[in-house]
Amino acid sequence: MVEYLPRSAWNARPPNGGPGNLTVSRVEGAVIHWPGTGSTSVIHSKAAVASALRGWQDYHMDTRGWSDIAYQVAVDQAGRAWTLRGLRTQSGANGDTDVNERYGAVLLILVTGEQPSAAMKATTRGVIADFRRIYPRGTAIRPHSAVRPEPTDCPGDPARAAIARGEFTPGHSEDDDMTPAQMQELKNFIEARTQAYALWTHRQLRKDLSAVVKAYALDIKNYERQTDAADAARAAAAVWATAPRSLQVDGTPAVDEPAAPDPNADPDLSLPDLDPFPDTPAEEAPASNGDQPTA
Ligand SMILES: [Zn+2]
């Protein structure tokens with residue numbers, strides 16, 4: 001039994017009269033539809049599907065003059081099933097009264113070129129199984145194009161191919177149809193992987209943490225080294241300032257005398273901008289004479 005989102009999930013308007021319930025003995029099967037938006041713009045999120053359903057309901061009721069949105073149930077790509085008219089109420093989707101009485105109508109929320117997802121196929125199989133519980137003789141699964149008196153492309157090539165491959169047929173074997181033993185095996189596998197991952201994460205975090213601590217210790221060491229250099233430069237400047245004038249150029253002190261330290265200010269730790277080779281002339285680029293070294 002599939003869990004169906006109620007009509008309130010898409011803010012449905014109440015139906016306007018309607019054809020009533022299907023006659024169980026007349027029902028031959030379910031017809032698969034798509035919205036036929038003519039667009040490749042996907043409708044995937046819950047909010048997007050809800051809003052699209054409401055829009056189609058408005059179109060069917062206000063423009064086409066029908067009692068309600070035409071389909072019985074919708075299934076989206078996330079595998080959500082949505083109650084539209086519901087499986088017991090006759091649809092208005094299949095083309096005329098005769099085919100509406102003989103078939104149910106399931107809407108797949110697919111756009112042009114879009115493949116039905118595994119989740120959509122699995123839920124649709126569940127919907128068809130529910131349909132067959134209500135209509136035991138209604139076992140056929142048809143694309144709309146196979147029953148509509150007038151031609152239609154509905155429900156599109158990918159869904160038509162999936163119907164032909166039996167992928168909407170209950171009991172169709174796919175990965176999500178597992179025996180209880182397979183299910184237990186998968187559960188054990190996932191648990192083992194989860195534990196292994198937790199252990200790996202723990203080890204990885206410890207490794208990262210020790211790297212951070214090492215980098216921090218290195219930063220502290222570098223900072224101390226720079227502070228020592230600044231102290232040494234300040235001491236050298238102080239010594240130079242007290243040197244005899246004969247050592248100074250043009251009678252001007254080469255280095256400003258350091259100001260008396262302000263007890264309220266932090267010491268200036270910036271390194272003096274020293275030129276290590278003040279008398280070395282800048283290297284001149286050799287004049288180009290056009291000669292090129294031969295190889
Ligand atoms: Zn259709």
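Quick look at the structure, then. (Residues numbered from 1 in each chain as written. Predicted model: local features only at pLDDT ≥ 70, side-chain atom pairs only at ≥ 80, totals over all residues. Heavy atoms only, no water.)

1. Concerning the overall build of the protein chain
Note the following rule: Note on conventions: DSSP H or I runs of at least 4 residues are helices, E runs of at least 2 residues are strands, and numbering of each starts at the N terminus. Burial classification: accessible surface area is computed with a 1.4 Å probe over protein chains only, and a residue below 20% of its type maximum counts as buried, one above 50% as exposed, and the rest as partly exposed. Only heavy atoms matter for contacts: two residues are in contact if any of them lie within 4.5 Å across the pair. Residue-level accessible areas treat just the shown protein chains as cover; the underlying method is Shrake-Rupley with a 1.4 Å probe.
The number of helices and strands found in the protein chain is six helices and six strands. If you list the helices and strands of the protein chain from N to C, you get β-β-α-β-β-α-β-α-β-α-α-α. The buried share of the protein chain, reckoned over its 295 residues, is 31%. Across the protein chain, contacts joining residues at least 24 apart in sequence account for 71% of those joining residues at least 6 apart. Just so you have it, the protein chain exposes about 19,100 Å², and 55% of that area is on carbon and sulfur atoms.

2. Let's talk about helix α6 (residues 180-241)
Rules: A helix is expected to reach a length of 1.5 Å times the quantity of its residues less one.
The end-to-end C-alpha distance of α6, which contains 62 residues, comes to 91 Å, matching closely the 92 Å that a straight helix rising 1.5 Å per residue would cover. Here α6 has its buried residues at Thr-227, Ala-230, Ala-233 and Ala-241.

3. Structural notes on the sheet that holds strand β5 (residues 103-108)
Keep this limit in mind: Note on pairing: DSSP must find at least two bridges between two strands before they are called paired. Axes, fitted as lines to C-alpha atoms, cover a helix only where it is in contact. Angles between the N-to-C directions of the axes lie from 0 to 180 degrees.
Taking strand neighbours across the sheet as the criterion, the six strands line up as β1-β4-β3-β5-β2-β6 in an open arrangement whose pairing is mixed. The open sheet has two edge strands, β1 (4-5) and β6 (140-143), and neither has a second partner. Looking at chain direction, strand β2 (residues 29-33) and β5 are connected through five bridges and run parallel. Bridge pairing in β5 links His-33 to Leu-107. Here helix α1 (residues 46-63) sits on the sheet and contacts β1, β3 (73-75), β4 (81-83) and β5; the angle it forms with β4, its principal contact strand, is near 35°. Against the sheet, helix α3 (residues 118-134) touches β1, β2, β3, β4, β5 and β6, its axis set at about 160° to β3.

4. Concerning the pairing of β2
The buried count for β2 comes to five of five residues, which makes it a mostly enclosed element. Strand direction decides the pairing type here: β2 and β6, joined by four bridges, are parallel. Residue pairing in the sheet places Val-31 in a bridge with Arg-142 of β6.

5. Structural notes on the coordination of the zinc ion
Selection criterion: Because water is not among the atoms used, a metal site may look incomplete, as its donors are only the N, O and S atoms within 2.8 Å, or 3.2 Å for Na, K and Ca.
Note on the zinc ion: its protein donors are His-33 (ND1), His-144 (ND1) and Cys-154 (SG). The metal-donor distances range over 2.1 to 2.2 Å. The motif formed by the donor residues of the zinc ion, counted along the single chain, is H-x110-H-x9-C. Pair noted here: His-144 is in helix α4 (residues 144-147) and Cys-154 is in the loop between α4 and α5 (157-164), with a separation of ten residues, a long-range link.

6. Things to note about the environment of Gly-104
Tracing the backbone shows Gly-104 in strand β5. With 75 residues separating them along the chain, Gly-104 and Gly-29 place their C-alpha atoms 6.4 Å apart. Gly-104 has contacts with Gly-29, Ala-30, Val-31, Gln-72, Asn-94 and Phe-131, leaving out every residue within four places of it along the chain.

7. A look at the pattern of salt bridges
The condition that has to hold: Salt bridges are defined by distance alone: a side-chain nitrogen of Lys or Arg within 4 Å of a carboxyl oxygen of Asp or Glu.
Applying the stated criterion to the full structure yields 14 salt bridges. The partner of Arg-7 in a salt bridge is Asp-68, and the shortest N-O contact between them spans 2.8 Å. One end of the pair, Arg-7, is in the loop between β1 and β2; the other, Asp-68, is in the loop between α1 and β3, with 61 residues separating them in the sequence. Between Arg-160 and Asp-153 there is a salt bridge, with the nearest N and O atoms lying 2.9 Å from each other. Judged by its relative accessible area of 22%, Arg-160 is partly exposed. Residue Asp-153 is classed as partly exposed on the basis of its relative accessible area of 44%. A single network of salt bridges, built from pairs that share partners, joins Arg-26, Glu-28, Asp-98, Glu-101 and Arg-102.

8. Focus on the side chain of His-60
With respect to the secondary-structure elements, His-60 resides in helix α1. For His-60, the contacting residues outside a window of four places in its chain are Gly-65, Trp-66, Asp-68, Ile-69, Ala-70 and Tyr-71.

9. Here's the deal with the packing of aromatic side chains
Our working definition: Ring pairs shown here join Phe, Tyr and Trp side chains whose ring centres sit within 6.5 Å, with only the six-membered ring taken for Trp; geometry is labelled stacked below 30 degrees between planes, edge-to-face above 60, and tilted in between.
Taken as a whole and assessed by the stated rule, the structure comprises two aromatic pairs. Ring plane angle 45° and centroid distance 4.7 Å describe the contact between Phe-131 and Tyr-135, whose orientation is recorded as tilted. Classification of Phe-131 as buried rests on a relative accessible area of 1%. For Tyr-135, a relative accessible area of 1% puts it in the buried group. Between Tyr-197 and Trp-200, the ring centres sit 5.8 Å apart and the planes meet at 25°, which makes this aromatic pair stacked. Placement of both Tyr-197 and Trp-200 in helix α6 is noted, with a separation of three residues, approximately one turn of the helix. Its relative accessible area of 54% is what places Tyr-197 among the exposed residues.

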